[in-house]
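Chain and residue survey
What follows is each chain in one-letter form.
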Amino acid sequence: MSFANLRSSRKAKEARSFVKDAVTSKADENLPEQSVVIAGHCGTEQADLADTSMATSSHVSEPARIAALQVRESSIAGRGTFAKAAHKPGSVINAVKPYISVLSTPYLSTFCTNCSSPPKQDAKLKRCTRCRVVWYCSDQCQTLDWDIHKYECKALQRWAESAPDDAKIPSDALRSLGRILWGFKQHGLDREWTKSMTQLQSHRTSLPPSAFEPYTHLAHSLIRYLGVESPLELEPYGVKSTGDLVDVISRFTTNAFTLTSYTLNPIGVAVSPDAAFVNHSCDPNAVIVFPRVSDKQSTEEPQMSLVAIKKIPSGEEVTISYVDTTLPRELRQEELKETYNFECKCTLCSTVQYDDPRTAMYCPKRCGGLRPAPINGSTPPPCMKCKAVTGNLEGELDAFNVGQELLAKAATIQQSDPQRAKRLASNVIDVMTRAGLTPSCHPLLAVTRLHQELLVASLSESPTQETLDEAIRTSAKYVAGLSAILPTGHPVRGVALAELGKLLAVDEPAPPTDPSASLDRFPPSGSARLRLARETLVRARGELMIGFGTNHGGGLVGRELREAIVRLENELGAWTQGVQNALEDAKAARPNAHRI
Ligand SMILES: C[S@@+](CC[C@H](N)C(=O)[O-])C[C@H]1O[C@@H](n2cnc3c(N)ncnc32)[C@H](O)[C@@H]1O
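Residues numbered from 1 in each chain as written. Predicted model: local features only at pLDDT ≥ 70, side-chain atom pairs only at ≥ 80, totals over all residues. Heavy atoms only, no water.

1. So, a negative patch on the surface
Judged by side-chain charge, Asp324, Glu334, Glu335 and Glu338 come together as a negatively charged surface patch. Position of glutamate 338 among the secondary structure elements: in helix α10 (residues 329–340). (Patch = residues over 30% accessible without salt bridge, like charges linked within 9 Å, V, L, I, M, F, W, Y side chains within 5 Å. Areas by Shrake-Rupley, 256 points an atom, 1.4 Å probe, with all protein chains shown as cover. Salt bridge = Lys/Arg side-chain N within 4 Å of Asp/Glu carboxyl O. Lys, Arg positive; Asp, Glu negative; His and termini not counted. Charge placed at Lys NZ, Arg CZ, Asp CG, Glu CD. Helix = DSSP H or I, 4+ residues; strand = E, 2+ residues; numbered from the N terminus.)

2. Here's the deal with the packing of helix α5 (residues 139–162) against helix α8 (residues 212–226)
Interaxial distance between α5 and α8 falls to 8 Å at its minimum, and their mutual angle equals 110 degrees. With respect to α8, the axis of α5 lies roughly perpendicular. Here α5 contributes Glu152, Ala155, Leu156, Arg158, Trp159 and Ser162 to the contact with α8, which in turn contributes Ser221, Arg224, Tyr225 and Leu226. Considering only residue class, the contact of α5 with α8 consists of five nonpolar, two polar and three charged. (Axes fitted to C-alpha atoms, helices over the stretch in contact; angles between N-to-C directions. Parallel < 35°, antiparallel > 145°, perpendicular 65-115°, else oblique. Contact = heavy atoms within 4.5 Å. Nonpolar A, V, L, I, M, F, W, Y, C, P; charged D, E, K, R; others polar.)

3. A word on the site of the ligand
In the vicinity of the ligand lie 16 residues, with Arg79, His203, Asn279, His280 and Tyr340 positioned nearest. In this structure, a nitrogen atom belonging to the ligand sits 3.1 Å away from a main-chain N or O atom of alanine 77. The backbone of tyrosine 340 places a nitrogen or oxygen atom 2.7 Å from an oxygen atom of the ligand. Out of a free accessible area of 560 Å², the ligand has 92% covered by protein chains. Among the elements of the structure, α9 (242–255) and β9 (279–280) are those that each provide at least two residues to the shell around the ligand. (Near = heavy atom within 4 Å. Polar contact = N/O pair within 3.5 Å; in protein donor to acceptor, adjacent residues only side chain to side chain.)

4. Notes on the confidence of the model for the protein
Any region with low pLDDT has predicted coordinates that should not be read closely. Scored by pLDDT, the protein comes out at a mean of 86, with 86% of its residues at no less than 70. In the model, residues 1–65 has pLDDT below 50 throughout and makes 108 contacts with residues more than four positions away in sequence or in other chains. What the predictor reports for the complex is a pTM of 0.86 with an ipTM of 1.00. (pLDDT = per-residue confidence, 0-100.)

5. Quick word on helix α6 (residues 172–187)
When the terminal C-alpha atoms of α6 are compared, their 22 Å separation across 16 residues agrees well with the 22 Å that a helix rising 1.5 Å per residue should span. Taken as a whole, α6 has its buried residues at Leu174, Arg175, Ser176, Leu177, Gly178, Arg179, Ile180, Leu181, Trp182, Gly183 and Phe184. Directly after α6, the chain includes glycine 188, whose backbone phi takes a positive value near 105 degrees. (Expected span 1.5 Å × (residues − 1). Buried < 20%, exposed > 50% of the residue type's maximum accessible area, 1.4 Å probe, protein only.)

Laid out in C-alpha cells, this is it:
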C-alpha cells in the first residue's frame, strides 16, 4: 500500500477533528530559511504552489554550471571533475538532462520514456501505437523523443517478431546502446553530441577475461537489434571494426548511471558526458540524484543533478560513489572491479577500519563497546573497549552465512511470495541480532531494509495497530543503521527518515485507551506519536534539502514533506485546542468546582 493511500485515511479523520478555530501553522519556524511560503491553513493553494515552483525551478543555469566545474587530469584516475568555486552541502553543482535515458522493462508503462515522469494526476500515459512498448505523458514528450524513437520503434517491432515470448522487449543495456548509436547517426559523427560520447573512457584494452562472454553476447544482440546485415552497414554509426563496437559497449558500461525515481527507486539507465568524468570514492563529497526539479511536468526532466553533500573547497576534486557505500569493503571492491575495472584506493579502502560500522558487532559481554565482525579462518577480534573475545565464534560465523543466504533468497521471492519473504527476513533479523550484529552491520542493515519494504507494502487500506507499529520499529532500525554509516544529508538517509516520519503520521488504527501506558514504548501513541512524526519529518526535510539540492527545494520528496509537516502542525494544533476545549467545557459544567 502506498503512503498516499495511508495519508488519505488520515485526511478523513482530520475532517472529523474537533478544531474550533483555524490553527496557525508553526512549521515555517523550523524550516530552513530559503523555503518559501508554506501551503497552510489560510492562503490559497494555487498561490502557494506557484511560490513553490518559483523556488524550485531556479536550478543551475547553463553559464553557472559551465563555470562551476573543470575536467582535468586527476590523481585518483585519468580525468576527474574539479570544483571551480567552493560548494556548501546542498549546493547543486550541475544539473543536466542526460544524453540518453532508458526505462527498465517493468517501468516502461508507468513512467514517460522522454521525461521519466509518472503520469499527471488523473491522467494516463499514452502508448506508442506502432511498437506498443514505450509510453509518453504528453504529445510534446512524444514529439521530442521521435528523433531517436523513429529508429527505435522499427527495431522494437522487428525484435518482437523474432523473439521468444518471455523476451519480447530487449534488455535495458541493449535499448540504451541502440539509443547511443542512433544518436550518433541522428546528430552526425562530427557533431558535439557524438564527440562528447566518444571521449568517454573505454576499457577495451584492459577488459578482464570474465567480460569476454557478456560483451560478445551483447555485441551479437546489438547487431540483431539494429537490423544490420553486413559490417559496412555499421559505418553510419561510426563503427568500422570489432574494436569500435567493443569501445561503444565498454563506454556504456563504464559511464552509465542508474536512473532513479524521485524517491531513489531504480527505474532505468542514464548516460551523460556532463557527469561521466566524476571519479569514485567510497567516502564521496557529492551524489548524483534525479530530484524532479519542479512540480510541473517538464520535457527537461529527468534532471541529472550533481549535488555536494559535504563542503567542497574551490579546486578540490568532486567525487561520487559508484556503489552502495553501506556495503563492507570486500563487497564494494568486488563490484568496482567487476563493473568498472578498478581497485579502489580511497581512505576507507586502503586503511584498516576497526571501527567500521558496516562490520560492527556488540561486545560479547555487552560492555557497551564494539568489535569488528569475525572472519573465517582468522582469530576473532576482541571488543575495542573491554578486550573480551567471543566464545561463540562458530555460531557468529553461521549467523553471517545464513544471513547472506537468506537475504538473497528473500530478495528473489519478494515479488512472487511476499508473505514468505517477510517471514524469512524477520527470522534472519532475529538470528543476526542475537548473534550481536549492530543495526548498521552487513547484512543485517540490508535485511532490515528488505523487511521494512515488505511490511510497508503489506499495510492494507486499514492496517492494524500491530502491523503499523512493526513497520515503524523496523523503519527506525533501518534509519539507525544508515545514520551510523552515511553522513548527514545523504539522500538515502533523507528518504529513509521521510519514510519513517510518514509512517509515524499515519492514523493509529487502535491506539491504547490509556495513552500514558504507552509513554515508554516505541512507537508512542497519541499526541506523543504525532510530535515524533513532526520532528522526524522536519529532520528528514533538512537532510533532503542537502541530498537533493537546496535550490531544488529538497526535490519532490522534500517539497511533499513540507506539505505533510503543515498537515501535522494543523493536527497537533487540533489536539491542543481539543484538550483546551474539553477542559473549558468541564469547567463550565462545574462552575463551583474550584470552591470545593
Ligand atoms: C565514469 S569514468 C570516470 C572518469 C575517468 N577517470 C576518465 O578519465 O574518463 C569511470 C572510470 O574511471 C576510473 N576510476 C574512477 N574512479 C576511480 C578510482 N577511485 N580509482 C581508480 N579508478 C577510478 C575507472 O577506470 C572507471 O572505470
